[in-house]
Structures are given as C-alpha cells and as structure tokens.
Amino acid sequence: MPKSKKVSESLTIKTEMIMPNDTNTLGNLMGGNLMRMVDVVGAIAAQKHSNRIVVTASIDNVSFENVVPLGDVVTLEAKVTRAFNTSMEVIVEVYSENIPAGTKKQTNTAFLTFVAVDQSGRPIEIPEAVPETDRDKELYDAALRRRQLRLILSGRMQPHDASELKAIFGL
Ligand SMILES: CC(C)(COP(=O)(O)OP(=O)(O)OC[C@H]1O[C@@H](n2cnc3c(N)ncnc32)[C@H](O)[C@@H]1OP(=O)(O)O)[C@@H](O)C(=O)NCCC(=O)NCCS
C-alpha cells in the first residue's frame, strides 16, 4: 500500500439519463434516487483511493436547489479531498444537462465521509491524499474544518477540542 496517493487517482465520473423510474410524481428526479447515486459514486472514489472496502460514515447537508427533469442527463463527479487516519472526505458534484436544448447546470454539491474497513468491518488506515490543483488545495485545507464540524454535530467531538473552529464557537 503506498503512503500517499494523488487526489486525481480517485476521480470517478458517472453519467446517466433520468428515466421514468427515477422520478417523483412531478416528473423530476426524486431526491432519494439522486442521493443513492451520490453515495455509490462517492464510495467508488473512496475505494479507488484506499483500495479497501469502504462504508459511508456520514453525508453532510445536501440541498436540492434545481429540479432535474425526466430526460436530462446527470453527471456526477467524485474525488477524495483529504484522507485522515481511516476516514476520507469525498466531494461529489452533480451536473444536469439537457443535451437537445444545449443547457447545463450544477445541481448539487455533497461532501461524504467514508471509512475504509477490513473484512470484519474494522476501520483500517489509508494512504494520505495529495492535492494537486489550487482548487484541490483549497478543498484539502477546508476539509479539516468540515471534519471538525461534522464530528461535533455527530457528538464525536467537543467544540472546545475543535482547533479549527474555535472562533465560530466563540471559544
Ligand atoms: C463508520 C464506522 C466504521 C466507524 O466505526 P467506529 O468503531 O466508530 O470507529 P472509530 O471511532 O475508530 O472511527 C473511525 C473513523 O470514522 C470517523 N467517523 C466515525 N463516525 C463519523 C461520522 N459520523 N462522520 C464522520 N466521520 C466519522 C472517525 O472520525 C474516524 O476517522 P479517522 O480514523 O480518520 O480519524 C462504524 O460506525 C460503522 O460501521 N458504521 C456503519 C457504516 C454503514 O453501514 N454505512 C452505511 C449506512 S446504511
């Protein structure tokens, strides 16, 4: 197992056309179906980084700002932003495209945390993730703040231990 891997090695892209089975009663992609796609593409990126079985530990806030109509083509791009000890953060960006109309918009961005586990489901160490582009570096730096925030929200960290967030919590 290498000690580190470039974040680009985890890049995973999935493209799919929205079919009737994917939609809600208004004929737009159902939120839960989009979340399933986000989880799967994110897990593949996490597997590429860790070369391990991974489980979803958490999904940060996901908001649905634009509908994705029947017949649109959705593209999901997932990449590891930062690896910690056994867990890694993955960003999944979702785009919706109406190819005949020539329109494309970004519909969602989600951050997920996956944990690499052994065959018994026990967390196992993973390689460091090395950012490459300026954007990768920004995502990498901010990942520590997001990690501390989600660990506080899940009751796994006390605010006074969140070195990166002390200013927000007034500590
Ligand atoms: C995620 C899981 C493996 C963590 O196991 P654990 O015994 O609590 O292990 P640890 O306390 O050592 O935590 C392991 C890592 O997970 C991270 N983690 C645990 N819960 C987390 C959460 N809610 N959000 C973000 N990270 C989390 C920890 O910070 C730690 O990261 P690090 O090793 O990089 O520092 C375990 O809770 C699990 O198997 N959950 C079910 C996963 C699953 O089935 N997902 C699909 C849902 S249907």
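Structural data are supplied above this passage.
Residues numbered from 1 in each chain as written. Predicted model: local features only at pLDDT ≥ 70, side-chain atom pairs only at ≥ 80, totals over all residues.

**Notes on the environment of Val 67**
Here Val 67 lies in the loop between β3 (53-59) and β4 (73-83). The spatial distance from the C-alpha of Val 67 to the C-alpha of Ile 152 is 31 Å, given a sequence separation of 85 residues. (Helix = DSSP H or I, 4+ residues; strand = E, 2+ residues; numbered from the N terminus.)

**Considerations on the pairing of strand β6 (residues 103-117)**
Sheet analysis places β3 next to β6, joined by 6 bridges and oriented antiparallel. Along β6, the bridge assignment pairs Ile 53 with Val 117. In this sheet, β6 lies alongside strand β5 (residues 87-98) in antiparallel orientation, the contact comprising 12 bridges. Within the sheet, the bridge partner assigned to Ser 96 lies in β6 and is Lys 105. From the end of β5 to the start of β6, which pair antiparallel, there are 4 residues, and Gly 102 there has a positive phi angle of about 70°. (Pairing = 2+ DSSP bridges.)

**So, the pairing of β5**
Both β4 and β5 contribute to a ladder of 10 bridges, which runs antiparallel. Bridging across to β5, Val 80 finds its partner in Val 90. Hairpin connection from β4 to β5: 3 residues lie between these consecutive antiparallel strands.

**A word on the site of the ligand**
The full set close to the ligand counts 17 residues, and Ser 58, Phe 84, Asn 85, Thr 86 and Ser 87 are the nearest of them. Looking at the shell around the ligand, the elements with two or more residues in it are β3, β6 and α2 (134-153). The element that contributes the greatest number of residues to the shell around the ligand is β3, accounting for 4 residues. Classifying every residue of the shell around the ligand gives 7 nonpolar, 8 polar and 2 charged. (Near = placed C-beta within 6 Å. Nonpolar A, V, L, I, M, F, W, Y, C, P; charged D, E, K, R; others polar.)

**Topic: unusual backbone geometry**
Glycine aside, residues mostly have negative phi angles, and peptide bonds mostly take the trans form. The backbone of Asn 51 shows a phi angle near 55°, a positive value even though the residue is not glycine. Take Asn 51: it is sitting in the loop between α1 (31-50) and β3.

**Re the environment of Lys 105**
Here Lys 105 lies in strand β6. Take Lys 105: there are 13 C-beta atoms within 10 Å of it, and that puts it in the partly exposed class. Distance in space between the C-alpha atoms of Lys 105 and Pro 20 is 21 Å, their sequence separation being 85 residues. Other than its neighbours up to four places away in sequence, Lys 105 contacts Asn 66, Tyr 95 and Ser 96. (Buried ≥ 20, exposed ≤ 12 C-beta atoms within 10 Å, placed from the backbone. Contact = placed C-beta atoms within 7 Å.)

**Side note on the nonpolar core**
Ranked by internal contacts, the top residues of the largest apolar core, which has 30 residues, are Val 80, Met 88, Val 90 and Val 92. Secondary-structure elements contributing two or more residues to this core are α1, β4, β5, β6 and α2. At 6 residues, β6 tops the list of elements feeding residues into this core. Excluding its chain neighbours within four sequence positions, the residues that come into contact with Val 80 are Val 7, Ser 10, Ala 45, Ala 46, His 49, Met 88, Val 90 and Ala 129. (Core = buried A, V, L, I, M, F, W, Y, C linked by C-beta atoms within 7 Å.)

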